[in-house]
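# A structural walkthrough
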Amino acid sequence: MKIAFIGLGNMGGAMAHNLLKAQQAVKGFDLNSKALQQFAAAGGEVYDSIAALVADVDVVMSMLPAAQHVRRVYQEDDGILAHAKAGTLCIDCSTIDPKTIQDLAQQAQAKCINLCDAPVSGGTIGAQAATLTFMVGADLATFNAAHNVLQFMGKNIVHCGAIGTGQIAKICNNLILGISMTAVAEGMALGAKLGIDPQALAGVINSSSGHCWSSEVCNPWPGISSNAPAARDYQDGFATQLMLKDLGLAVEAAAQAQQPIVLGALVQQLYQQRCMQGHGRLDFSSIIQQYCSNSDLTGIDQ
Ligand code: NAD
């Protein structure tokens, strides 16, 4: 398979590397020269224009920051839609709004190009280990074709339904995650303030009806979940600014659908505040710092 990969950042760089490890012929493009150098060092073939990159490939993968970047690489004069050949399979793995990918898929179809959405969960660790979950929106034939490529980068490849449904699944999952993390932070902070040992409280929650991924695997109180970002000053996790981005997509999609998302809109404001205070790069479980001081969390007077 000849594969073009656009967007070789934290996620895309690792994913493209896994395609190379699986002996696929991968060509890459990114605006960032450091990302290109790393891709070349891993054995990838570097291109300096999308037009040349996509002209003669079977598959085009993209992993970009936001919808405006995806629109650009597809719609510009030197972009994918103008230069990919008929029959090319395009897989966009960026997290963006469902409407953008549905519109682009329609434009692609007019050129006999198949486009599907395949946003991911699993973060940079999953990208490196090729254990990502892909949430794919496509007709069945396109899903089966995409599966052949995605299997080299992920463990769990889910067919969510028609084009755009991968993004819907991703947005709804992260909406719940943003709310549940805030709920766990609030409960842990209240319990500690009222005088229960946080370890004892977490033990009760995790064997009771309050348990969830945020309480068990990624508890925001330091020292509860082994390997959680809370144990390393909230470094190297799922950045608060990325959670804010995903909550923004949920709020926007809900407004378009005239569907209330009361708690989602509320926690979006909390994560917005965190970013405004300069904490956007910390793991999103650091939301607990809105509820207690660092000395409460570490037990050390600062
Ligand atoms: P990143 O910023 O590290 O990488 C994006 C790359 O795209 C950069 O190298 C940038 O130079 C490149 N780029 C931007 N515009 C371009 C263009 N016009 N042409 C070519 N390259 C261009 O971001 P990331 O962390 O890799 O995230 C990518 C996507 O994955 C986002 O949509 C994000 O929401 C999603 N995601 C990220 C994580 C995570 O943990 N980082 C987890 C799940 C999903």
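These numbers come from a predicted model, not from an experiment. (Residues numbered from 1 in each chain as written. Predicted model: local features only at pLDDT ≥ 70, side-chain atom pairs only at ≥ 80, totals over all residues. Heavy atoms only, no water.)

### A closer look at the packing of aromatic side chains
Under the criterion given, the structure shown has two aromatic pairs. When the centroid spacing of 6.5 Å and the interplanar angle of 40 degrees are considered together, the rings of Tyr271 and Phe284 count as tilted. Of this pair, Tyr271 sits in helix H13 (residues 262–276) while Phe284 sits in the loop between H13 and helix H14 (294–298), placing them 13 residues apart in sequence. (Phe/Tyr/Trp six-rings, centres within 6.5 Å; stacked < 30°, edge-to-face > 60°. Helix = DSSP H or I, 4+ residues; strand = E, 2+ residues; numbered from the N terminus.)

### A look at the nonpolar core
Within the largest apolar cluster, 33 residues are counted, with the highest numbers of intra-cluster contacts made by Phe5, Met15, Met61, Ile91, Phe134 and Leu150. For this core, the secondary-structure elements that each account for two or more residues are strand S1 (2–6), helix H1 (10–21), helix H2 (33–41), strand S4 (59–62), strand S5 (89–92), strand S8 (132–137) and helix H8 (140–150). The element contributing the most residues to this core is H1, with six residues. In terms of nonpolar packing, the next biggest core, distinct from the first, is built from 30 residues, Leu177, Leu201, Ile205 and Leu249 among them. (Core = buried A, V, L, I, M, F, W, Y, C linked by side-chain atoms within 4.5 Å. Buried < 20%, exposed > 50% of the residue type's maximum accessible area, 1.4 Å probe, protein only.)

### Here we look at the site of the ligand
Around the ligand, the structure places 22 residues, and the nearest of them are Asn10, Met11, Asp30, Leu64 and Lys245. At 2.6 Å, a side-chain N or O of Asp30 approaches an oxygen atom of the ligand. Look at the ligand: alone it shows 830 Å² of surface, and the protein chains cover 86% of it. Contributions of two or more residues to the shell around the ligand are made by H1, helix H4 (67–75), helix H7 (123–129) and helix H12 (240–257). (Near = heavy atom within 4 Å. Polar contact = N/O pair within 3.5 Å; in protein donor to acceptor, adjacent residues only side chain to side chain. Areas by Shrake-Rupley, 256 points an atom, 1.4 Å probe, with all protein chains shown as cover.)

### Structural notes on the layout of surface pockets
Roughly 250 Å³ of volume is contained in the second largest pocket. The wall of the second largest pocket is formed by 16 residues, among which Ile171, Cys172, Ala250, Ala253 and Ala254 lie closest to the centre. Split by residue class, the lining of the second largest pocket holds 11 nonpolar, two polar and three charged. (1 Å grid on protein atoms, 1.4 Å probe; cavity = no way out; pocket = protein on both sides within 12 Å on 5 of 7 lines; lining within 4 Å. Points joined across faces, edges and corners; volume = space filled by probe spheres on them. Nonpolar A, V, L, I, M, F, W, Y, C, P; charged D, E, K, R; others polar.)

### Re the packing of helix H9 (residues 165–194) against helix H10 (residues 198–206)
Close contact between H9 and H10 brings their axes to 9 Å; oriented N to C, the two are set at 135 degrees. With respect to their mutual orientation, H9 and H10 come out oblique. Crossing geometry of H9 relative to H10 is assigned as right-handed. For the pair H9 and H10, the contacting residues are Gly187, Met188, Gly191 and Ala192 in the first and Pro198, Leu201, Ala202 and Ile205 in the second. Tallied by class, the residues present in the contact of H9 with H10 amount to six nonpolar, two polar and no charged. (Axes fitted to C-alpha atoms, helices over the stretch in contact; angles between N-to-C directions. Parallel < 35°, antiparallel > 145°, perpendicular 65-115°, else oblique. Left-handed = near helix turned anticlockwise from the far one by under 90°. Contact = heavy atoms within 4.5 Å.)

### Concerning a nonpolar patch on the surface
Nonpolar side chains collect at one region of the surface, where Val262, Leu263 and Leu266 lie side by side and expose about 320 Å² of accessible area between them. By the element assignment, Leu266 lies in helix H13. We classify Leu266 as exposed; its relative accessible area is 55%. (Patch = residues over 30% accessible without salt bridge, like charges linked within 9 Å, V, L, I, M, F, W, Y side chains within 5 Å. Salt bridge = Lys/Arg side-chain N within 4 Å of Asp/Glu carboxyl O.)

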